[in-house]
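# Tertiary structure, described
The lines below spell out each chain.
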Amino acid sequence: MDLIDDQLQSQIYAYGLTFFKSLGIKTQVAHVLNSVILLLLLTVVLYAIDYILRRILMLLMIKTIRKSKTRIDDFLIHNGVLKYATHLVPILIARQALPFIFTGFTRFTNATLLITDVLLTLTVTFLINAGFKTFKDVLKTNKRFTDKPLDSYFQVITILLYAICAIILFSEVTGKDPVGLLTALGAASAIVILVFKDTILGFVASIQVSSNDMVRVGDWIEMQKYGADGTVLSINLSTVKVQNFDKTVTTIPTYALISDSFKNYRTMQKSGGRRIKRSLNIKIGSIRFLEEAEIQDLKRIKLLKSFIIERQQEIDNYNQTHVDDPTMLVNGRRMTNIGLFREYIKRYLLNNPNIHKQFHLMVRHMQPTEHGLPIEVYAFTNTVDWPKYEGIMADIFDHILAVVPFFHLEIFETPSSTDLQEFLIAQHNQTKKQAD
């Protein structure tokens, strides 16, 4: 059924035309005045209808929607679905009424119909796009889709939707078959690919990132090339937004995720443990064999007592069998301060309630350097929370650094200006004393 009855429209137009003729106005002028007056009246009516739909009906719908518990209706309002839907009614009424208003004026009729067709096409396009946005927002509320690059997929849908809208508008304005436009676009595909290169690369990258589960929204990633180290906020066609831990935001091209390397900490966070990999440099000149009195003193350390007793028995048995001259320390086997130091750290970590016992735990030598012998602690905490992790690691190394002197070892550190000054003063005093 038509929105406005054709017979009623004809009667309205004829009544207006008769009225103007009765005033003694010429027929042609009467047609013009009649069309202008009817156009003004139609504009007022359409505005009133639009106002009623948007201000009254929509307010009633919003009031009803907000009482519901679901969020779908909220997304419908937020994305403008209801707004674009209410615009359709005035446009459809205008399209039906305009041919009768401009009766006898073919050019105006065709022009106004073209305008209404364009407006109708744009409104329907915006309405469909708003519907897709609502669908995307609904999917984001589902836990299965919260970490998926939905923005990328829906941006592609939006681009396709607008491309279809542009083709329809081209066909309406020019009156030509849209196949001709598609043929021309096919011939200019190289230019299209060049213009939309980043979009195409981003779309392909989004698919690969999603299918290979490389990155999800909410992941902690580190990409040194772009200065990114933080949580992924969003993934769309052209960019990936990462909020760094200093609260800045780094934007990375989406295709960089498959063309460059990056580090994703998701598996670490899921594992329940975070790695400690830190070393301290021991002054090589302080490493030596331990004397008997020093060994007995270290037996007082609870964590080492059983180990020292067992190890000493093993060493004594070996030396009695294989060593001819035990007075030479390099003959046979001896306990070293660095060896007991490593064992103490290992046992300390094993007894630390904050260390994950199911993961690797090592205290190892690294390659000696001009800065001494690095002793590396390789272990995992039983938490992935960053502040707690830093606190646990700091506590461990506070303790390790404090016990170094008990093993008659020294930490290597580059001499400061104060150290050099004290050394020179001591040398000067010694030289002066010798001279006196």
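Note: the structure precedes this text.
Predicted model only: the values in this text are computed from it and were never measured.

### Some remarks on the overall build of the chain
A count of helical and extended segments in the chain gives 16 helices and eight strands. A separation of at least 24 residues holds for 64% of the contacts in the chain among residues at least 6 apart in sequence. For the chain, the accessible area works out to roughly 27,100 Å², and carbon and sulfur atoms hold 61% of it.

### Notes on the sheet that holds strand 2 (residues 228-235)
What the five strands build is an open sheet, ordered 4-3-2-1-5; its pairing is antiparallel. Every interior strand has two partners, whereas the edge strands, strand 4 (249-253) and strand 5 (263-264), have only one. With five bridges connecting them, strand 2 and strand 3 (residues 239-244) associate as antiparallel partners. Residue pairing for strand 3: Gly230 is matched across the bridge by Asn244.

### Concerning unusual backbone geometry
The backbone phi angle of Lys247 is positive, close to 75 degrees, even though this residue is not glycine. Of the residues examined, Lys247 reaches a relative accessible area of 65% and is grouped as exposed.

### Considering the pairing of strand 4
The side-chain alternation of strand 4 yields one buried face, formed by Thr250 and Ile252, and one unburied face, formed by Val249, Thr251 and Pro253. Bridging between strand 3 and strand 4 involves five bridges; their strand directions are antiparallel. Bridged to Val242 within strand 4 is Thr250. Between strand 3 and strand 4, which follow one another and run antiparallel, lie four residues, and Lys247 among them has a positive phi close to 75 degrees.

### Focus on the packing of aromatic side chains
All chains considered together, the criterion is met by ten aromatic pairs. Ring plane angle 40 degrees and centroid distance 5.7 Å describe the contact between Tyr84 and Phe126, whose orientation is recorded as tilted. Here Phe126 lies in helix 5 (residues 106-140) and Tyr84 lies in helix 4 (residues 81-101), a separation of 42 residues in the sequence. Aromatic pair Phe359 and Phe380: ring centres 5.2 Å apart, planes at 75 degrees, arrangement edge-to-face. Remark: Phe380 occurs in strand 8 (residues 373-381) and Phe359 occurs in the loop between helix 14 (337-350) and strand 7 (362-365); sequence separation between them is 21 residues.

### Focus: the pattern of salt bridges
A complete count under the given rule lists nine salt bridges for this structure. Ionic pairing is found between Arg300 and Asp297, a salt bridge with its closest N-O pair at 2.8 Å. Overall, the relative accessible area of 38% leaves Asp297 in the partly exposed class. With a shortest N-O distance of 2.8 Å, Glu343 and Arg347 are connected by a salt bridge. Of this pair, Glu343 and Arg347 both sit in helix 14, four residues apart, roughly one helical turn.

### So, the packing of helix 14 against helix 15 (residues 386-403)
At a minimum axis distance of 11 Å, the contact between helix 14 and helix 15 shows a crossing angle of 150 degrees. For the element pair helix 14 / helix 15, the angle class is roughly antiparallel. Crossing hand, helix 14 versus helix 15: right-handed. Contact residues: Phe341, Tyr344, Ile345, Tyr348 and Leu349 in helix 14; Asp395, Ile396, His399, Ile400 and Val403 in helix 15. Tallied by class, residues from the contact of helix 14 with helix 15 come to eight nonpolar, one polar and one charged.

### Overview of the sheet that holds strand 8
What the three strands build is an open sheet, ordered 6-8-7; its pairing is antiparallel. Every interior strand has two partners, whereas the edge strands, strand 6 (274-282) and strand 7, have only one. Adjacent strand axes in the sheet meet at a mean angle of 20 degrees when their direction is disregarded. Bridge analysis of strand 6 against strand 8 gives nine bridges, and the strand direction is antiparallel. Paired with Arg278 across the bridge in strand 8 is Val377. The strands touched by helix 15 within the sheet are strand 6 and strand 8, with strand 6 carrying the most contacts at an inclination of about 25 degrees.

The rules we used
- Residues numbered from 1 in each chain as written.
- Predicted model: local features only at pLDDT ≥ 70, side-chain atom pairs only at ≥ 80, totals over all residues.
- Heavy atoms only, no water.
- Helix = DSSP H or I, 4+ residues; strand = E, 2+ residues; numbered from the N terminus.
- Contact = heavy atoms within 4.5 Å.
- Areas by Shrake-Rupley, 256 points an atom, 1.4 Å probe, with all protein chains shown as cover.
- Pairing = 2+ DSSP bridges.
- Buried < 20%, exposed > 50% of the residue type's maximum accessible area, 1.4 Å probe, protein only.
- Phe/Tyr/Trp six-rings, centres within 6.5 Å; stacked < 30°, edge-to-face > 60°.
- Salt bridge = Lys/Arg side-chain N within 4 Å of Asp/Glu carboxyl O.
- Axes fitted to C-alpha atoms, helices over the stretch in contact; angles between N-to-C directions.
- Parallel < 35°, antiparallel > 145°, perpendicular 65-115°, else oblique.
- Left-handed = near helix turned anticlockwise from the far one by under 90°.
- Nonpolar A, V, L, I, M, F, W, Y, C, P; charged D, E, K, R; others polar.

The quantities given are spatial measurements derived from coordinates; they are silent on function.
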